[in-house]
Amino acid sequence: MKRNLKYEIIIYWSEEDQAYIAEVPELPGCAADGRTYKHALANVEVIIHEWIETAMDLKRPVPAPKGRLLYA
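Before going into details, it helps to say that this report is about the structure given with it. All values reported here derive from a predicted model rather than from experimental measurement.

1. As for the pairing of strand β1 (residues 10–14)
On a regular strand, each side chain points to the face opposite its neighbour's, so the side chains alternate between the two faces of the sheet.
Thinking step 1. Here β1 runs beside strand β2 (residues 19–23); their pairing, made up of five bridges, is antiparallel. Within β2, the residue paired with Ile 11 across the bridge is Ala 22.
Thinking step 2. In this antiparallel pair of consecutive strands, β1 and β2, the connection spans four residues, and Gln 18 shows a positive phi of 55°.

2. A closer look at the sheet that holds β2
Thinking step 1. Taken in spatial order, the three strands make up an open sheet running β1-β2-β3, and their pairing is antiparallel. Each edge of the sheet is formed by a strand with only one pairing partner; in this case those strands are β1 and β3 (31–34). For this sheet, the mean inter-axis angle between neighbouring strands, taken without regard to orientation, is 25°.
Thinking step 2. In this fold helix α1 (residues 37–57) packs onto β1, β2 and β3, with an angle of close to 150° to the strand it touches most, β3.

3. As for the nonpolar core
Thinking step 1. Membership of the largest hydrophobic core is limited to 11 residues, which are Tyr 7, Ile 11, Ala 22, Val 24, Leu 27, Cys 30, Ala 32, Ala 40, Val 44, Ile 48 and Ile 52.
Thinking step 2. Examining the composition of this core, we find that four residues originate from one element, α1, more than from any other.
Thinking step 3. Leaving out residues up to four positions away in the same chain, Ala 40 has contacts with Tyr 20, Ala 22, Ala 32, Asp 33 and Gly 34.

Cut-offs applied
Residues numbered from 1 in each chain as written. Predicted model: local features only at pLDDT ≥ 70, side-chain atom pairs only at ≥ 80, totals over all residues. Heavy atoms only, no water. Pairing = 2+ DSSP bridges. Helix = DSSP H or I, 4+ residues; strand = E, 2+ residues; numbered from the N terminus. Axes fitted to C-alpha atoms, helices over the stretch in contact; angles between N-to-C directions. Contact = heavy atoms within 4.5 Å. Core = buried A, V, L, I, M, F, W, Y, C linked by side-chain atoms within 4.5 Å. Buried < 20%, exposed > 50% of the residue type's maximum accessible area, 1.4 Å probe, protein only.

As structure tokens, this is what we get:
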């Protein structure tokens, strides 16, 4: 089941991995990488759907997207 993605995604370059890393702070452990910014974004969109599907299969709660998180 495809859902409209409204989760915050943080993308950054990792020298150690030599790749862009895309993380979704609202979904614990939800992250992907890619050789380009666009690849990282496309990959994490797939992982978000898989994360949600797995949580639903396991009857675990799926956090509602809050959008941009503000860090103190």
